[in-house]
Structure formats: structure tokens, C-alpha cells
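# Structural characterization, general
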Amino acid sequence: MNMKFSEKAEQLDAGIFAVLNEKKNELVKQGRTIYNLSVGTPDFPPMPHIMEAVSEAAKRPENYKYALSELPELLDAVQSFYQKRFGVQLEADEIMTMYGSQEGMAHIAWALCNPGELVLVPNPGYQIFSAGPRLCDAEVWEYPLLEEHQFLPQLDEIPEEIARRARYMVVSYPANPICRTAPESFYRDLIAFAKKYEIIILHDNAYSDIIYDGRRGGSFLEYEGAKEVGIEFYSLSKSFNYTGARLSFAVGNRAVIQKFKALRTQFDYGIFLPVQYGAIAALTGPFDGVKEQCRNYEERNRALCAVSAGMFRIARGQCSYGRRYRRATRILRTFVWS
Ligand SMILES: Cc1ncc(COP(=O)(O)O)c(C=O)c1O
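What you see as residue numbers is a count from 1 along each chain, following the sequence as written. Under the rules for a predicted model, residues below a pLDDT of 70 receive no local features and side-chain atom pairs below 80 are neither given nor counted, while totals for whole chains, interfaces and linings still include all residues. Calculated side-chain values reflect all of the structure's heavy atoms, with hydrogen atoms and water omitted.

### A few points about the overall build of the chain
Runs of E in the DSSP output that reach at least two residues are strands. Runs of H or I that reach at least four are helices, and both are numbered from the N terminus. A tally of helices and strands in the chain yields 14 helices and 7 strands. Throughout, radius of gyration means the C-alpha value; the globule benchmark is 2.2 Å times the number of residues raised to the power 0.38. The C-alpha radius of gyration of the chain comes to 21 Å, within 12% of the 20 Å expected for a compact globule of 338 residues. Here the C-alpha coordinates of the chain stretch approximately 60 × 60 × 55 Å along the principal axes. Three exposure classes are used, based on accessible area relative to the maximum for each residue type with a 1.4 Å probe and protein chains only: buried under 20%, partly exposed in between, and exposed over 50%. Considering the chain as a whole, with its 338 residues, one finds that 45% of them fall into the buried category. It only takes one pair of heavy atoms within 4.5 Å for two residues to be counted as in contact. A separation threshold of at least 6 residues defines the contact pool for the chain, and within that pool the share at least 24 residues apart is 73%.

This is the structure:
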């Protein structure tokens, strides 16, 4: 039979990470050693108390029904986590869960924009920021993140007609893939910009717990007026290595959260209850593992930078293969997996 597909499906290729994974598997089958720097699946285990909470809950038959919504204990856990971690007060109806920020970023476009409307996304930026709007036929306008501007959007250089047409803007610091944070003054300017042009801000906060040099990872919602203009996605994937369990939450502007929730109830019956229990364990602590892991990432980061700088210097004949370089490559080998 000649299968006919929608125009949209015909335009879509498999997501970039699925393509890279297939390529990786092919090469591994050929016996090649692969250094996988594609999708950032953490190689640290989840903390034991989180796994225990999931497995205990998985033994109870009542946890296999449709969850339909968030457990009240999970909403409490998110509230107290945001209060303690960021000093941000949230009401229960300002919180919702989803199957990871990836899924949330993809689907929220359906709640926020119509075909032909405009969405502002960073370039370079994480691919789902633009894939989401494109899936619902919105137009994407990429704002550049350049070194000469400390990798921050130049809000006053966004053309007036673009700003007026924009429905929402995706912002994400600490930023993937450029590993930069944004200063407080930026968030204040962003909120003023959002108010002036009535643009909803989506802040993707996937990496606030992986931050180096003693700096503190914050939340967009800490800034005055943030809740009036937008929401934040917080993922348990990187902070708690809960990656495959697929649980993130969006918090902030009540109207946006409620509209997005209503949209998701069309296709979602709620997150598997044992996964919700694991998330409660993650968010209520202890958090020593999160800090320890951040230190480990920082050490790897230093090793990676030392090796790249060392290679560069060796290539230019400025130094020979030394002890520090050997140590750095040893650390690197411990986390590069195939
Ligand atoms: C910036 C950014 N946002 C979101 C995600 C996806 O997170 P989740 O596992 O919550 O879907 C990633 C994953 O690498 C990411 O780098």
C-alpha cells in the first residue's frame, strides 16, 4: 500500500540525537572506539535514596494506575525546593510536571503561538528550542550569542518589528553549548524587554546545579517581575541523574502554566507514580551528591581544557608531552565512554 503522510511528517527527519546514536551503534558494531560527545546523558548514578524511593513505590500495585496529575507531596517538594534553593515562593497552581524539558519545550509552542507567529531562540542553542515552534508552523528568529557580547542576547539590537511580532523568547543560562552564565543585570533588562513588547519568556534552567568556580546557579524567577512575564523549566535529568525517568517541571506565571497544563491533559495521563516518588526523594534531599557531582564535573572540565590547551601547545611546538598533560588525559579517560 502506498502510505500517505502529512506534509509536516514528510518534512521531518529523525532528531539529531537519534541519528547520532544510530551512527554510534553502527561504529561500535564495527569494533571502533567511540568518544561520545553528543546528547548529555550523565554517567553518574542517581543517588541511592532516589533509587530506593522509586523501587519501593514500584512494589506497590496501586502505583500502576494513571496518575492523571502531580501528587500533592510532589507539589510540596517543588515548593520547598524552590524556596530553599532559590528563595522563590511558588503556589501549587504555578507548578506542573512533564516528561522532561525536551518534551515541555516541544509542546509549549502549541499553547503559546499560532502558525506564522514568531519565536525568538538563541543561536547557538539547544535544538528543541527551535524544533518546538517549527512543529506548530511558527517562525523562528535566531538571536546570536557572540563572544564579543559575553554570549548574551543584545536586546536593543533585536529589530523593533521582530520584537513586536514575537510571541515568546527562549533564554537558557547556564547555556548549552556555550557554558556561560548571565549576570543579574541581564535578567532585569530581559524582564523590561518582555514587558515592553509583551513577549513571554521561557527560561530553560537545565544546568543550574552544574556550575563552576564557586559561582551559584540561580533561577530566572528570583528576579522582580519574572513571574509576570514567564516561566522556568527545571529538569531533574542533570542535577539528579534522573535522566531516563523523564521528569521536569515548569514553574512561574500562573496563566501560562494553566494553559499549558490544559493542553497537555489532551494527551498525557500523568507521570508514572514511582517516578513521582523518586522525584520527591530527589527534591527533598539530601543534596550532598549534587554538590559532589558538580565538583567532579568541574575537575573533568579542567582536565578537558588542560588537554585541549596542551594539544594546541604541543601542536605549535611550544611544549612537550608533560606530567600535567598526562594527568589530565587520565582524568579524561575516566569519563569518556563508548
Ligand atoms: C539546555 C537543555 N535543555 C533541556 C535538555 C533536556 O532535558 P530533559 O532531560 O529534562 O528533557 C537538555 C539536555 O541535554 C539541555 O541541554
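### With respect to the nonpolar core
We call a set of buried residues a nonpolar core when its members are Ala, Val, Leu, Ile, Met, Phe, Trp, Tyr or Cys and they connect through side-chain atoms within 4.5 Å of each other. With 60 residues, the main nonpolar core has Tyr 82, Met 169, Leu 236 and Phe 240 as its most contacted residues. Of all the secondary structure elements, the ones that give two or more residues to this core are helix H4 (72-86), strand E2 (118-123), helix H7 (160-165), strand E4 (166-171), helix H8 (184-197), helix H9 (226-229), strand E7 (248-252) and helix H12 (273-284). Sequence-distant contacts of Phe 240, that is, excluding residues within four places in its chain, are made with Pro 46, Met 47, Ile 50, Phe 81, Tyr 234, Ala 282, Leu 283, Phe 287 and Val 290. Of all hydrophobic cores here, the second largest spans 24 residues; its members include Cys 113, Cys 136, Val 170 and Phe 233.

### Some details on the side chain of Asp 209
Note that Asp 209 resides in the loop between strand E5 (200-204) and H9. The residues touching Asp 209, leaving out its near neighbours within four places in the chain, are Arg 85, Tyr 234, Ser 239, Val 290 and Cys 294.

### Focus: the side chain of Thr 243
With respect to the helices, strands and loops of the structure, Thr 243 is situated in the loop between helix H10 (236-239) and E7. Exposure remark for Thr 243: the relative accessible area of 16% places this residue in the buried category.

### A short note on the site of the ligand
Throughout, the term near means that a residue has one or more heavy atoms lying within 4 Å of the molecule or strand in question. Lining the immediate environment of the ligand, one finds 13 residues, of which Asp 204, Tyr 207, Ser 235, Ser 237 and Lys 238 sit closest. Within the side chain of Ser 237, an N or O atom sits 2.6 Å from an oxygen atom of the ligand. Relative to its unbound accessible surface of 400 Å², the ligand loses 97% to contact with the protein. Of all the elements, helix H5 (residues 100-112) adds the most residues to the shell around the ligand, at 3 residues. A class-by-class count of the residues in the shell around the ligand yields 3 nonpolar, 7 polar and 3 charged. Residues adjacent in sequence count toward polar contacts only when both atoms are side-chain atoms; beyond that, a polar contact is any pair of N or O atoms within 3.5 Å, and within protein one must be able to donate a hydrogen and the other to accept it. The Shrake-Rupley method, run with a 1.4 Å probe sphere, supplies the accessible areas, and residue values consider only the shown protein chains as cover. Amino acids are sorted into nonpolar (Ala, Val, Leu, Ile, Met, Phe, Trp, Tyr, Cys and Pro), charged (Asp, Glu, Lys and Arg) and polar (every other residue, Gly among them).

### Overview of unusual backbone geometry
Geometrically, the link from Asn 176 to Pro 177 is a cis peptide bond, its omega value of 10° lying close to zero. Geometrically, the link from Gly 285 to Pro 286 is a cis peptide bond, its omega value of 10° lying close to zero. Considering the arrangement of structural elements, one finds Pro 286 in the loop between H12 and helix H13 (288-315). Positive phi, close to 65°, is recorded for Leu 68, a residue that is not glycine.

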